[in-house]
Amino acid sequence: MVTTQLKAIAEKTKDWSKIVIAYEPVWAIGTGKVATTEQAQEVHAEIRKWLSDHVSKEAAEKTRIIYGGSVSEKNCKELAKQSDIDGFLVGGASLKPACELHLLSPLLIDDFIPEFIC
């Protein structure tokens, strides 16, 4: 499913520096369930590999791939440590006052500049 969707946009995209790919497992949408850190990294790595193989190595390196499966202050730090997760698509957690502080502070300490879309 993911590669089918990537193929559809790859055929129409000229400038990959303006593209952000957001991945969220179908089973996580609106459920509060989150993939394990390893599951999220595995899919993001596959997306990056597909970009490298089918678009270019430059596109794979420069395209931001963000995770959106129930990101919260409880799981963001571990997810942010993954090499292929470039940021988060934050849903309901963004409505909680503590979310911003918890999502941003541990990441900035590690010199990780995430992409946040709420």
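Scroll up a little and you will see the structure.
Note that the structure is predicted; figures quoted are calculated from it, not measured.

Engineer: It is not clear to me how the layout of surface pockets should be interpreted in this structure. Could you clarify?
Structural biologist: Rolled over the atoms, a probe with the dimensions of a water molecule shows which regions are left empty. Looking at the second largest pocket, its volume works out to about 230 Å³. Taken together, 12 residues make up the lining of the second largest pocket; nearest its centre are Val-2, Gln-5, Ala-22, Tyr-23 and Glu-24. The greatest single-element share of the lining of the second largest pocket, amounting to four residues, is contributed by helix H1 (residues 2–10).

Engineer: Got a minute to help me understand the environment of Val-71 in this structure?
Structural biologist: Within the element layout of this structure, Val-71 appears in the loop between strand E2 (64–67) and helix H4 (76–80). Owing to a relative accessible area of 4%, Val-71 belongs among the buried residues under this scheme. Once the C-alpha coordinates of Val-71 and Val-34 are considered, the two residues, 37 residues apart in sequence, prove to be 7.2 Å apart.

Engineer: Quick question: what am I supposed to make of the side chain of Thr-13 here?
Structural biologist: Tracing the backbone shows Thr-13 in the loop between H1 and strand E1 (20–23). From its side chain, Thr-13 meets the backbone oxygen of Ile-9 in a polar contact 2.6 Å long.

Engineer: Is there a simple way to think about the nonpolar core in this case?
Structural biologist: One broad trend across soluble globular proteins is that nonpolar side chains are buried collectively. Ile-21, Ile-47, Leu-51, Tyr-67, Val-71, Leu-79 and Phe-88 are the most contacted members of the largest nonpolar core, which has 21 residues in total. Those elements that place two or more of their residues in this core are H1, E1, helix H2 (37–54), helix H3 (57–62), E2 and H4. Discounting residues that sit within four places of it in the chain, Ile-47 has contacts with Val-2, Leu-6, Ile-21, Tyr-23 and Ile-65.

Engineer: What should I look at first to understand the pattern of salt bridges in this one?
Structural biologist: For side chains bearing opposite charge, pairing can occur when the charged atoms are close. If you walk through the whole model with that rule in mind, you get five salt bridges. Asp-86 is paired through a salt bridge with Arg-48; the nearest N and O atoms lie 2.8 Å apart. With a gap of 38 residues between them, Asp-86 in the loop between H4 and strand E3 (87–89) and Arg-48 in helix H2 connect regions that are remote in the sequence. Beyond isolated ion pairs, a larger network of salt bridges with shared partners links Arg-48, Asp-84 and Asp-86.

Each value, and the rule that gives it
- Residues numbered from 1 in each chain as written.
- Predicted model: local features only at pLDDT ≥ 70, side-chain atom pairs only at ≥ 80, totals over all residues.
- Heavy atoms only, no water.
- 1 Å grid on protein atoms, 1.4 Å probe; cavity = no way out; pocket = protein on both sides within 12 Å on 5 of 7 lines; lining within 4 Å.
- Points joined across faces, edges and corners; volume = space filled by probe spheres on them.
- Helix = DSSP H or I, 4+ residues; strand = E, 2+ residues; numbered from the N terminus.
- Buried < 20%, exposed > 50% of the residue type's maximum accessible area, 1.4 Å probe, protein only.
- Polar contact = N/O pair within 3.5 Å; in protein donor to acceptor, adjacent residues only side chain to side chain.
- Core = buried A, V, L, I, M, F, W, Y, C linked by side-chain atoms within 4.5 Å.
- Contact = heavy atoms within 4.5 Å.
- Salt bridge = Lys/Arg side-chain N within 4 Å of Asp/Glu carboxyl O.

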